[in-house]
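Listed here are the chains, written in short residue letters.
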Amino acid sequence: ALMITDECINCDVCEPECPNDAIYMGLEIYEIDPNKCTECVGHFDEPQCVQICPVECIPLHPDWQESKEQLFAKFERLTAAK
Ligand code: SF4
Ligand code: SF4
């Protein structure tokens, strides 16, 4: 999963781009729900939020390092839940 750092300027452009609805407004800045972020695996070749963020504040979450297979399994769980 990815995460949003405190460099976020709350520009609002990433939230509607997330295919998993993983991005939401937190207390002060936008945040990513790591249980929902597949790094866009299953939907797109590149993380859409990273592509669009103007300040490049969306790195890999250090505590949520997952393989492509794990990310795809998460995508399948999220899709099945819909
Ligand atoms: Fe959403 Fe993709 Fe960004 Fe994860 S990488 S938060 S799934 S847009
Ligand atoms: Fe914050 Fe980047 Fe999302 Fe804008 S695109 S709200 S700066 S994380």
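Look up a bit, the structure's there.
Our subject in this report is the structure included herewith.

Procedures and definitions
Residues numbered from 1 in each chain as written. Chains lettered and ligands numbered in written order. Predicted model: local features only at pLDDT ≥ 70, side-chain atom pairs only at ≥ 80, totals over all residues. Heavy atoms only, no water. Helix = DSSP H or I, 4+ residues; strand = E, 2+ residues; numbered from the N terminus. Rg over C-alpha atoms; globule rule 2.2 N^0.38 Å. Buried < 20%, exposed > 50% of the residue type's maximum accessible area, 1.4 Å probe, protein only. Contact = heavy atoms within 4.5 Å. Areas by Shrake-Rupley, 256 points an atom, 1.4 Å probe, with all protein chains shown as cover. Core = buried A, V, L, I, M, F, W, Y, C linked by side-chain atoms within 4.5 Å. Phe/Tyr/Trp six-rings, centres within 6.5 Å; stacked < 30°, edge-to-face > 60°.

**Comments concerning the overall build of the chain**
And then number 1: When its secondary structure is counted, the chain shows two helices and two strands.
And then number 2: Going residue by residue from the N terminus, the α and β elements of the chain occur as β-β-α-α.
And then number 3: A compact globule built from 82 residues would reach a C-alpha radius of gyration of about 12 Å, and the chain, at 12 Å, matches this within 12%.
And then number 4: On the principal axes, the C-alpha backbone points of the chain span a range of 30 × 25 × 25 Å.
And then number 5: Put simply, the chain has 82 residues, and 38% of those count as buried.
And then number 6: In the chain, the share of contacts with a sequence separation of at least 24, taken over all contacts with a separation of at least 6, comes to 67%.
And then number 7: Split by element, the accessible area of the chain, about 5,300 Å² in all, is 50% carbon and sulfur.

**Description of the nonpolar core**
And then number 1: With 16 residues, the main nonpolar core has Ile4, Ile23, Ile32 and Ile58 as its most contacted residues.
And then number 2: Beyond its immediate stretch of four places on either side in the chain, Ile58 contacts Leu2, Met3, Ile4, Ile32, Cys49, Val50 and Cys53.

**Details of the environment of Thr5**
And then number 1: With respect to the element layout, Thr5 can be found in the segment before strand 1 (23-25).
And then number 2: Separated by 56 residues in sequence, Thr5 and His61 place their C-alpha atoms 9.6 Å apart.

**A word on the side chain of Thr5**
And then number 1: Its relative accessible area of 17% is what places Thr5 among the buried residues.
And then number 2: The contacts of Thr5, once residues within four sequence positions are left out, are Ile29, Cys57 and Pro59.

**Quick word on the packing of aromatic side chains**
And then number 1: Considering all chains together, one arrives at one aromatic pair under this definition.
And then number 2: Aromatic side chains Phe72 and Phe75 sit 5.3 Å apart centroid to centroid with 40° between the ring planes, which places their arrangement in the tilted category. Note that Phe72 and Phe75 are positioned in helix 2 (residues 68-80) at a spacing of three residues, about one turn of the helix.
And then number 3: Note on Phe72: relative accessible area 36%, which makes it partly exposed.

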